[in-house]
2 protein chains.
Amino acid sequence: MTEGSADVAGLFDPDRVAVVGATEREGSVGRAVTENLLDSYAGTTLPVNPRRETVLGEPCLDGVAEADADVAVVAVPPDYVLDVIEECGEAGVDNVVVLTAGFGETGADGAARERDLRETAEAYDMALVGPNSLGVMATSLSMNATFGPALPPAGNVSFMSQSGAFVTAVVDWALEAGLGFNDIVSLGNKSVLDETDFVRAWGDDSDTDVIVGYLESVVDGRGFVAAARETTPDTPVVVVKSGRTDAGAQAASSHTGAIAGADSAYEAGLDAAGVLRATSVQELFDSARALAGGLVPDSDGVAVVTNAGGPGVMATDAVGDADRLRLASFSDATISDLQGTMPAEANVYNPVDVIGDADVGRLQTALDTTLADGDVGSAVVITAPTATLDFAALGDAVADTATDHDVPVAVCLMGGETLAPARETFRERSIPSYFDPARAVAGLEALAEYRDIRGRRYEEPEPIDADRERVREILSQVEERGDNRLGVEAMELFDAYGIPTPEGEVVDDPTAAAEVAARIDGDVVMKIVSPDILHKSDIGGVRVGVSAADVADTYEDLVSRARSYQPDARILGVQVQEMLDLDDGVETIVGSHRDPQFGPLVMFGLGGVFVEVLEDTTFRLAPVAAGEAEQMTADIDAAPLLRGARGRTPVDLDATVDAIRRVSQLVADFPSIVELDVNPLVATPDGVRAVDLRLTVDPEQLQ
Amino acid sequence: MTEGSADVAGLFDPDRVAVVGATEREGSVGRAVTENLLDSYAGTTLPVNPRRETVLGEPCLDGVAEADADVAVVAVPPDYVLDVIEECGEAGVDNVVVLTAGFGETGADGAARERDLRETAEAYDMALVGPNSLGVMATSLSMNATFGPALPPAGNVSFMSQSGAFVTAVVDWALEAGLGFNDIVSLGNKSVLDETDFVRAWGDDSDTDVIVGYLESVVDGRGFVAAARETTPDTPVVVVKSGRTDAGAQAASSHTGAIAGADSAYEAGLDAAGVLRATSVQELFDSARALAGGLVPDSDGVAVVTNAGGPGVMATDAVGDADRLRLASFSDATISDLQGTMPAEANVYNPVDVIGDADVGRLQTALDTTLADGDVGSAVVITAPTATLDFAALGDAVADTATDHDVPVAVCLMGGETLAPARETFRERSIPSYFDPARAVAGLEALAEYRDIRGRRYEEPEPIDADRERVREILSQVEERGDNRLGVEAMELFDAYGIPTPEGEVVDDPTAAAEVAARIDGDVVMKIVSPDILHKSDIGGVRVGVSAADVADTYEDLVSRARSYQPDARILGVQVQEMLDLDDGVETIVGSHRDPQFGPLVMFGLGGVFVEVLEDTTFRLAPVAAGEAEQMTADIDAAPLLRGARGRTPVDLDATVDAIRRVSQLVADFPSIVELDVNPLVATPDGVRAVDLRLTVDPEQLQ
């Protein structure tokens with residue numbers, strides 16, 4: 001949908017809801033949604049059906065025009081939907097929820113129907129959910145405008161889902177999972193309103209403190225990033241984007257009919273958006289419950305307070321596993337306070353073991369003391385059932401203490417029925433509780449991740465002074481050649497964008513080759529240049545360490561090998577290049593490809609033979625600012641190599657960052673560059689050199 | 001404990017249990033355990049307390065001698081425990097459970113008390129649990145001989161825990177977690193009986209189908225491996241070994257007083273034992289529930305059958321993430337069968353979406369058809385609540401179909417109360433059910449892992465013909481030198497064990513250096529040899545590519561640099577070594593260290609600068625057989641590099657395997673070798689060469 005999200009909010013705040021297609025037929029969508037609304041909705045429910053006088057005892061209207069409704073829920077057969085939308089538009093109903101299925105998800109006829117629907121809705125500037133939606137819910141009005149289950153408990157989490165069944169499942173599960181919801185939408189086919197609109201609308205909604213999403217695709221990647229960047233500083237967003245794996249992507253595409261881009265693009269896009277990504281349902285809602293507490297840790301140090309030693313060790317392991325957390329180091333004052341209040345057998349160092357005979361008072365004292373410690377940014381409280389711990393009193397004691405200190409606390413309630421009273425209190429008081437210590441720690445980790453997102457400053461990529469005209473000329477070579485690949489013959493692209501290359505040139509006769517070599521200090525590398533020979537080394541098309549005297553002969557030899565290997569290959573010449581000293585260098589790769597949802601991406605990683613084997617790479621949306629490019633050099637596993645591990649001299653990181661930034665701007669400037677690989681980009685203590693180049697150009701996109 | 005586990009089984013099958021230290025004092029251990037036994041134990045409970053006539057209405061005996069008990073539970077104060085053990089021994093009570101705390105976990109006095117206790121128990125050949133144990137449970141006899149919670153539901157899982165509180169927690173949680181137990185033991189201080197004894201005893205117990213453990217240490221690593229290898233072909237064992245991380249290990253050690261070895265040793269040891277390792281409580285019991293079903297998949301292909309598209313995609317992602325699973329490819333017959341029985345809107349390709357209006361019959365038909373497919377080794381069934389699916393009937397329908405096909409099925413019940421009837425049936429019929437599709441798939445993954453363990457053939461390491469006498473001499477150099485480190489001056493170790501090295505020698509004058517270089521084809525590498533100079537390259541003590549003519553001068557130069565760097569360094573000479581061509585080679589590392597629990601380990605990984613940065617390594621217990629060594633070369637991330645990724649020539653894998661095997665035998669043969677690093681071991685298409693060596697020797701262990 002286009003700008004402005006005022007209409008979207010109207011979906012969740014109507015005084016009057018019309019159900020177009022209301023009926024009494026058992027098992028029908030029209031009956032289910034009418035019943036759900038009549039059941040509890042605080043506003044007025046208006047059944048619309050020209051064939052009936054009443055529905056479920058309510059008077060029934062002939063058309064939506066008579067209803068004066070704020071929201072119309074549409075449950076008529078597919079062939080009638082367009083007329084109803086038209087009617088809504090005429091009647092000034094801006095908010096429409098289309099439950100009817102049989103559109104884009106069913107084939108060509110349905111897709112055509114959906115196009116018409118979208119055009120009509122857009123003509124009336126309508127906020128339309130669906131089609132093929134389960135509906136919407138707003139707990140603040142007890143409004144259940146779905147044909148699904150009963151309303152979940154109220155809370156501060158709003159939830160959008162690209163799967164209607166998943167809404168049903170989560171709502172049914174909400175009570176035992178300790179989840180409370182504000183607004184819920186089943187997105188359906190996302191014909192008009194999509195994830196971007198709800199992120200924007202709920203970002204502005206004071207009753208929504210956490211936005212949770214289940215997505216199988218993002219319609220407009222860049223638009224989503226822009227909206228989320230405005231939302232996430234105030235309201236955390238956490239999503240499962242499924243179709244992560246090849247098998248999953250295929251399943252998602254057959255489920256929704258949408259073609260999703262590569263997962264690396266979603267990874268980069270969600271990161272750029274400041275959205276937390278969960279990989280399972282459990283992680284999604286575990287994070288949501290922690291975030292719903294509204295606090296973030298101001299230190300990575302975690303205190304563990306437990307009445308059971310073993311589970312304390314498990315929590316400590318989980319803290320050790322977490323990227324953003326560590327076990328807090330208590331001050332001497334904290335330790336001496338604990339020594340003064342705990343029994344001699346207690347462990348007063350972190351993890352604090354108040355031991356098995358602790359009552360609620362002792363546990364609370366220990367928690368109070370540790371939360372006051374300056375290094376403690378969050379805490380895990382672990383309780384196993386004992387004869388001395390009163391679980392009816394535990395919940396308020398822990399919640400009061402956490403509130404006093406304004407420090408996030410996650411609780412492990414390690415037991416079943418015995419602990420139920422505490423579980424209930426923690427739910428009411430928005431303290432997340434879990435059985436498994438690892439899950440409690442994961443909840444705190446989500447808070448630390450959100451704290452980092454909240455602290456982000458998004459920088460505009462610094463402008464780059466480039467010779468764009470020259471690049472245009474180089475790329476247009478593909479038109480003449482009737483081809484879409486370029487190799488080292490396009491190395492001048494790098495000069496045009498200020499990316500350093502080794503000394504050298506592509507030449508097309510042996511004498512010129514010798515002249516180039518004469519200008520270069522030391523031996524040279526020579527490579528055959530042909531758009532038709534992809535794997536140059538396989539045919540002996542690369543020679544390393546050629547001395548000046550041998551250059552002319554080597555030229556002839558390389559060309560004759562290429563000709564005998566592939567007689568019809570177009571040979572553009574031979575590249576003669578300075579040999580780089582790799583002793584202190586690291587071969588890296590900078591690459592790019594274009595994603596259907598998120599546009600150009602830039603990739604950085606460990607290059608050479610390692611790039612394919614170890615897949616040690618990281619992606620961002622292009623172009624990147626210097627800060628982002630620097631983060632990329634820190635994100636890969638091999639980062640310490642660049643920074644001088646094992647007594648090596650560090651490489652020139654500024655130059656590496658600069659090269660990433662320039663490549664990212666190049667691909668952003670030229671949509672015709674579909675794919676690009678600089679492999680290797682050799683990084684040394686004295687700078688970087690782009691040594692080899694492959695790119696794929698889409699001639700249709702040439703400017 | 002020593003050989004034989006007959007006594008251990010007796011702990012869980014007594015006719016008569018004596019409680020020594022039975023009392024009525026509120027809040028006491030002696031009262032709690034007596035009450036628990038009197039509550040439900042099918043045998044006879046015999047309170048023993050010379051100061052009382054009756055306890056809780058039962059007649060009280062003066063001493064254990066009068067009880068004629070099969071098991072004595074001891075809850076007397078610490079100072080009286082030894083006398084009671086003695087008394088038990090005299091009375092012929094072989095099975096004793098000591099609940100009393102205040103032993104090794106409390107300091108020097110306690111440790112001394114524990115030594116006495118162990119000696120006495122061993123003198124009487126007693127199967128003794130504890131001290132500092134919560135007790136034992138046997139659901140078959142309704143025997144709760146703990147001072148903890150009520151008995152859990154009966155089942156086929158036996159459970160041992162090094163944390164008593166964790167037993168309490170798990171037992172309290174068992175009902176809602178869908179867990180059923182056979183025997184349970186709280187291991188306490190493991191003074192006599194430890195994890196090895198219970199693995200052996202439960203391996204022989206026909207009522208135990210799965211063994212679950214929470215361990216903070218393993219007392220005797222090699223003994224545990226031997227016992228587990230006999231048990232795991234018939235009975236799966238799954239454990240959490242906590243203290244995985246540095247912080248966790250420190251916490252575990254302060255909790256139990258035990259010094260645990262490095263986690264890499266536990267990883268290698270548990271793998272060698274055929275034990276599944278879980279990293280969280282949830283994973284532990286999720287795996288246990290899947291294993292309790294008793295089936296393993298005979299194909300890696302997974303069928304997903306769902307009434308909800310989105311969750312089907314999530315399950316497919318989880319299958320894509322799993323190492324040992326993939327989405328099954330259905331045969332044409334399967335697809336055509338499904339097309340014949342499913343509605344047109346259904347998806348008949350995997351994941352099979354029977355769509356939202358499916359009833360139990362349709363779901364069952366789809367499952368029946370897919371389970372019959374030859375590529376399907378296991379299945380995930382996913383159900384979200386719908387109006388058409390009867391959850392009272394679902395459980396038996398799915399369980400019957402799974403049983404008919406003898407194929408493991410995991411179920412996602414995606415909802416709360418609505419699905420409770422099905423959850424109950426699945427629990428009764430030993431079909432694991434979960435909310436999260438990712439957890440259901442993880443359950444199946446555990447089954448696939450166990451299938452692979454069951455299929456293992458443990459091979460004896462092939463004998464190696466080595467000059468052990470020569471090694472003894474080389475290692476004894478450290479005695480003369482008053483030092484415990486050896487470097488390249490000990491390269492002859494490799495010759496003695498048949499491990500190839502580059503041509504070369506350590507010499508102590510320039511003339512000899514020139515002579516060695518003259519014998520070598522091409523340039524040489526020269527390195528200073530001194531036990532006092534650890535980082536040779538940092539002081540310019542290494543020269544690469546020295547031509548024959550320069551060798552004598554380089555010798556002098558290296559020595560003079562070393563002298564000026566460290567005047568008092570002992571200089572043993574200079575190593576003159578053939579230069580290896582690394583173009584087609586891969587630098588690997590073979591290392592070893594000795595673990596306090598598991599003895600010598602052998603490590604293999606990517607060498608050179610990458611070993612510390614990427615930590616791409618794998619560990620095994622030494623010595624290894626050829627099959628294990630080959631698996632090591634496949635386990636590292638860089639494995640494809642060895643096997644010829646990206647058009648490279650594969651390295652000589654047989655030679656690599658042979659070198660690993662020989663190093664592993666070397667360290668196994670010589671306990672005096674505390675640490676050893678061969679870095680790099682250069683692997684090329686033509687063989688391997690051990691290029692550098694560092695080892696640490698324990699002079700006390702020299703033979």
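Everything numeric here is computed off the predicted structure, so don't read it as measured data.

1. Observations concerning the overall build of chain A
And then number 1: Helix and strand content of chain A: 24 helices and 31 strands.
And then number 2: In terms of its C-alpha atoms, chain A occupies a principal-axis envelope of roughly 95 × 80 × 40 Å.
And then number 3: Taken over 703 residues, chain A has a buried fraction of 58%.
And then number 4: Taken as a whole, chain A presents about 26500 Å² of accessible surface, with 44% of it coming from carbon and sulfur.

2. Some points on the nonpolar core
And then number 1: Judged by nonpolar contacts, the single largest core of 118 residues is most densely connected at A:Phe166, A:Phe285, B:Phe166 and B:Phe285.
And then number 2: Setting aside its immediate chain neighbours within four residues, B:Phe285 contacts B:Phe159, B:Phe166, B:Val170, B:Trp173, B:Leu179, B:Phe181 and B:Val212.
And then number 3: A:Ala466, A:Ile499, A:Val586 and B:Val586 belong to the second-largest nonpolar core, a separate cluster that totals 110 residues.

3. Digging into the packing of aromatic side chains
And then number 1: Counting across every chain of the model gives 24 aromatic pairs over all chains.
And then number 2: Ring centres of A:Trp173 and A:Phe285 lie 5.7 Å apart, and the angle between their planes is 75°; this geometry places the pair in the edge-to-face category. Taken together, the residues A:Trp173 in helix H5 (residues 164-177) and A:Phe285 in helix H10 (residues 281-291) connect sequence positions 112 residues apart.
And then number 3: An angle of 80° between the planes, with centres 6.4 Å apart, marks the rings of A:Phe181 and A:Phe285 as edge-to-face. Of this pair, A:Phe181 sits in strand S11 (residues 181-186) while A:Phe285 sits in helix H10; the two residues are 104 residues apart in sequence, bridging distant segments of the chain.
And then number 4: Overall, the relative accessible area of 0% leaves A:Phe181 in the buried class.
And then number 5: One aromatic cluster in this structure is built from A:Phe159, A:Phe166, A:Trp173, A:Phe181, A:Tyr214, A:Phe285 and B:Phe435.
And then number 6: Over the ring of A:Phe103 we find A:Arg113, and its NZ or CZ is 5.7 Å from the ring centre.

4. Some thoughts on the pairing of strand S29 (residues 673-684) of chain A
All names here are of chain A.
And then number 1: Within S29, 9 of the 12 residues are buried, leaving the element largely enclosed by the surrounding structure.
And then number 2: Bridge count for strand S26 (residues 586-595) against S29 is 7 bridges, and the pairing is antiparallel. Bridged to Thr588 within S29 is Leu681.
And then number 3: Taken together, the 5 bridges between S29 and strand S31 (residues 693-697) define a ladder with antiparallel strand orientation. Paired with Leu676 across the bridge in S31 is Leu695.
And then number 4: For S29 and strand S30 (residues 687-690), the ladder comprises 4 bridges, and the chain directions are antiparallel.

5. Description of empty space enclosed by the protein
Residues and elements named next belong to chain A.
And then number 1: Tallied over the full model, the rule gives 2 cavities of 30 Å³ or more.
And then number 2: The space that makes up the largest cavity amounts to roughly 160 Å³.
And then number 3: If you trace the largest cavity, you find 15 residues lining it, with Gly487, Ser530, Ile533, Leu534 and Lys536 closest to the centre.
And then number 4: Elements supplying a minimum of two residues to the lining of the largest cavity: strand S21 (485-486), strand S23 (524-529) and S31.

6. Some thoughts on the domain arrangement of chain A
And then number 1: Split by domain assignment, chain A resolves into domain 1 (6-291), domain 2 (301-454), domain 3 (503-579) and domain 4 (586-701).
And then number 2: The centre of domain 3 of chain A, based on its C-alpha atoms, is set 26 Å off from the matching centre of domain 4 of chain A.

7. A look at the relation of the copies chain B and chain A
And then number 1: Take chain B, turn it by 180°, move it 0.0 Å along the axis, and it overlays chain A with an RMSD of 0.1 Å. Seen this way, the second copy is the image of the first under a two-fold rotation axis. Nearest to the rotation axis, the C-alpha of B:Leu614 is located 4.9 Å from it, this being the minimum over chain B.
And then number 2: The residues that chain B uses at the interface reappear at the interface of chain A in 100% of cases, marking a shared surface.

8. As for a negative patch on the surface
Residue and element names in this part refer to chain A.
And then number 1: A contiguous patch of negative charge on the surface is contributed by Glu53, Asp62, Glu66, Asp83, Glu86, Glu87 and Glu90.
And then number 2: The topology assignment puts Glu66 in the loop between strand S4 (58-59) and strand S5 (71-74).
And then number 3: The partly exposed category is assigned to Glu66, whose relative accessible area is 48%.

9. A few points about the interface of chain B and chain A
And then number 1: Taken together, the contacts link 68 residues of chain B with 68 residues of chain A.
And then number 2: The junction of chain B with chain A conceals about 5000 Å² of combined surface from both sides, 65% of it contributed by carbon and sulfur atoms.
And then number 3: Put simply, chain B and chain A have 4 salt bridges between them.
And then number 4: A salt bridge links A:Glu176 to B:Arg423; its shortest N-O distance comes to 3.8 Å.
And then number 5: On the surface where chain B and chain A come into contact, there are 21 residue pairs in polar contact (both at pLDDT 80 or more).
And then number 6: Residue assignment for the side of chain B that touches chain A shows that the elements contributing at least two residues are helix H5 (164-177), helix H8 (246-256), helix H10 (281-291), helix H11 (309-321), helix H16 (437-454), helix H21 (610-614) and helix H23 (639-642) of chain B.
And then number 7: Ranked by residues supplied to the side of chain B that touches chain A, first place goes to H11(B) with 10 residues.
And then number 8: Across the side of chain B that touches chain A, the residue classes tally to 33 nonpolar, 20 polar and 15 charged.

10. Observations regarding the sheet that holds strand S22 (residues 504-507) of chain A
All names here are of chain A.
And then number 1: Strand order in the open sheet formed by 4 strands is S22-S25-S23-S24, and the pairing between neighbours is antiparallel. Looking at which strands have only one partner, the edges of the open sheet turn out to be S22 and strand S24 (542-546). Averaged over all pairs of adjacent strands, the angle between strand axes in this sheet comes to 15°, irrespective of strand direction.
And then number 2: Both S23 and strand S25 (residues 573-578) contribute to a ladder of 6 bridges, which runs antiparallel. In the sheet register, Met526 faces S25, and the bridge partner there is Val576.
And then number 3: Along the sheet, helix H19 (residues 510-519) contacts S22, S23 and S25; its crossing angle with S22, the most-contacted strand, is approximately 180°.

11. Topic: the sheet that holds S11(A)
By definition, the strands of a sheet pair up through backbone hydrogen bonds, in either a parallel or an antiparallel sense.
Residue and element names in this part refer to chain A.
And then number 1: With mixed pairing, 7 strands are arranged side by side in an open sheet as S9-S8-S11-S10-S12-S13-S14. Two strands close off the open sheet at either side, each with one partner strand: strand S9 (143-146) and strand S14 (276-278). Recorded for the sheet is a direction-independent mean angle of 15° between the axes of neighbouring strands.
And then number 2: By the bridge criterion, 5 bridges tie strand S10 (residues 154-161) to strand S12 (residues 210-215) in an arrangement that is parallel. By the bridge assignment, Val157 is partnered in S12 with Val210.

Analysis parameters
- Residues numbered from 1 in each chain as written.
- Chains lettered and ligands numbered in written order.
- Predicted model: local features only at pLDDT ≥ 70, side-chain atom pairs only at ≥ 80, totals over all residues.
- Heavy atoms only, no water.
- Helix = DSSP H or I, 4+ residues; strand = E, 2+ residues; numbered from the N terminus.
- Buried < 20%, exposed > 50% of the residue type's maximum accessible area, 1.4 Å probe, protein only.
- Areas by Shrake-Rupley, 256 points an atom, 1.4 Å probe, with all protein chains shown as cover.
- Core = buried A, V, L, I, M, F, W, Y, C linked by side-chain atoms within 4.5 Å.
- Contact = heavy atoms within 4.5 Å.
- Phe/Tyr/Trp six-rings, centres within 6.5 Å; stacked < 30°, edge-to-face > 60°.
- Lys NZ or Arg CZ within 6 Å of the ring centre and 35° of its normal.
- Pairing = 2+ DSSP bridges.
- 1 Å grid on protein atoms, 1.4 Å probe; cavity = no way out; pocket = protein on both sides within 12 Å on 5 of 7 lines; lining within 4 Å.
- Points joined across faces, edges and corners; volume = space filled by probe spheres on them.
- Domains from an automatic or database assignment.
- Least-squares fit on C-alpha atoms with pLDDT ≥ 70 in both.
- Patch = residues over 30% accessible without salt bridge, like charges linked within 9 Å, V, L, I, M, F, W, Y side chains within 5 Å.
- Salt bridge = Lys/Arg side-chain N within 4 Å of Asp/Glu carboxyl O.
- Lys, Arg positive; Asp, Glu negative; His and termini not counted.
- Charge placed at Lys NZ, Arg CZ, Asp CG, Glu CD.
- Buried area = accessible area lost by both parts, 1.4 Å probe.
- Polar contact = N/O pair within 3.5 Å; in protein donor to acceptor, adjacent residues only side chain to side chain.
- Nonpolar A, V, L, I, M, F, W, Y, C, P; charged D, E, K, R; others polar.
- Axes fitted to C-alpha atoms, helices over the stretch in contact; angles between N-to-C directions.

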